[in-house]
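Breakdown of the fold
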Amino acid sequence: MTDQINYGRRMQKALQSLMADVLNDVAKGGLPGDHHFFITFDTNHSGVDIADHLRARYPEDMTIVMQDWFENLAVLPDRFTVTLNFGNVPEPLVIPFDAIKTFVDPSVEFGLRFDAQDAEDEDDGDEDVPETAPEAEAAPETKGEVVSLDTFRKS
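A brief look at the structure comes next.

Thresholds, definitions, all that
- Residues numbered from 1 in each chain as written.
- Predicted model: local features only at pLDDT ≥ 70, side-chain atom pairs only at ≥ 80, totals over all residues.
- Heavy atoms only, no water.
- Helix = DSSP H or I, 4+ residues; strand = E, 2+ residues; numbered from the N terminus.
- Buried < 20%, exposed > 50% of the residue type's maximum accessible area, 1.4 Å probe, protein only.
- Contact = heavy atoms within 4.5 Å.
- Areas by Shrake-Rupley, 256 points an atom, 1.4 Å probe, with all protein chains shown as cover.
- Pairing = 2+ DSSP bridges.
- Axes fitted to C-alpha atoms, helices over the stretch in contact; angles between N-to-C directions.
- Core = buried A, V, L, I, M, F, W, Y, C linked by side-chain atoms within 4.5 Å.

Of regular secondary structure, the protein chain possesses 3 helices and 8 strands. Going from N to C terminus, the protein chain has its helices and strands arranged as α-β-α-β-β-β-β-β-β-β-α. Counting every position in the protein chain, which comprises 155 residues, the buried fraction comes to 32%. A sequence separation of at least 24 residues applies to 52% of the contacts in the protein chain between residues at least 6 apart. In the structure as shown, the protein chain presents an accessible area of about 9,800 Å², 50% of it carried by carbon and sulfur atoms.

What follows is the structure in C-alpha cells.
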C-alpha cells in the first residue's frame, strides 16, 4: 500500500469504464444516429493483438474508425475486441483499455484523452490524469479550482 491516493489513476479507470459502457451499448444495439468513434491506441502496448502487417504499418499508434462497418464487437473487463475492414479484408483487433490514447465521438463533440499505461503501472504514485477533448483543451489550465461543466457545453 502506498501513502498516497492515486486520484489520477482512479479517474482514468472511471473514464475507461464510461467508454466500456458506451462500447457495450453499441455491441448490443449498434451505433445510434450519427454517432461514430475515432479510437487511437498504442500498438506496442502489452495485450494489443493486431495483424503483423498492421503493426508494421502502424509501429507506434493507430487510429481506428468505428462507423459504417464493424462486427464482432465485444467488451471485456479490461479490453474490447472488434473486427474492422482494412482494404476489403476483415481484421480482428484486441485492444486493452490501458492502450487507448484517445476516444472521440465527433458527432457530439465528445472526447477523452488517456495516458496509455501498462497494467503494472497501476499502483505507482504518478498522477496520470486523463483530459477531456477538444473543448476542455481551450480552457485555461488552473490548479485547485472547481469548474462547472456548463462552461464546456455548446449553447
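Anyway, onward from the coordinates.
The next subject is the sheet that holds strand β3 (residues 71–75). Spatial ordering of the open sheet is given by β3-β4-β5, a layout of 3 strands whose pairing is antiparallel. Looking at strand neighbours, the two that pair on one side only are β3 and β5 (89–96), the edges of this open sheet. Geometrically, the sheet is characterised by an average inter-axis angle of 20° between neighbouring strands, direction not taken into account. Bridge count between strand β4 (residues 79–86) and β5: 8 bridges; the pairing is antiparallel. Pairing of T81 across the sheet is with V94, part of β5. Of the strands in this sheet, β3 and β4 are in contact with helix α1 (residues 7–29), which crosses β3 at around 140°.

The next thing to look at is the nonpolar core. General note: in soluble globular proteins, nonpolar side chains tend to be found buried as a group. L23, I39, F41, I64, M66, F80 and I100 are the most contacted members of the largest nonpolar core, which totals 28 residues. Listing elements by their share of this core, those giving two or more residues are α1, β1 (37–42), β2 (61–66), β4, β5 and β6 (100–105). Per element, the largest residue contribution to this core is 5 residues, and it comes from α1. If near-sequence neighbours (up to four positions away) are discounted, F80 is found in contact with L23, I39, I64, M66, L73, A74, V75, L93, V94, I95, F97 and I100.

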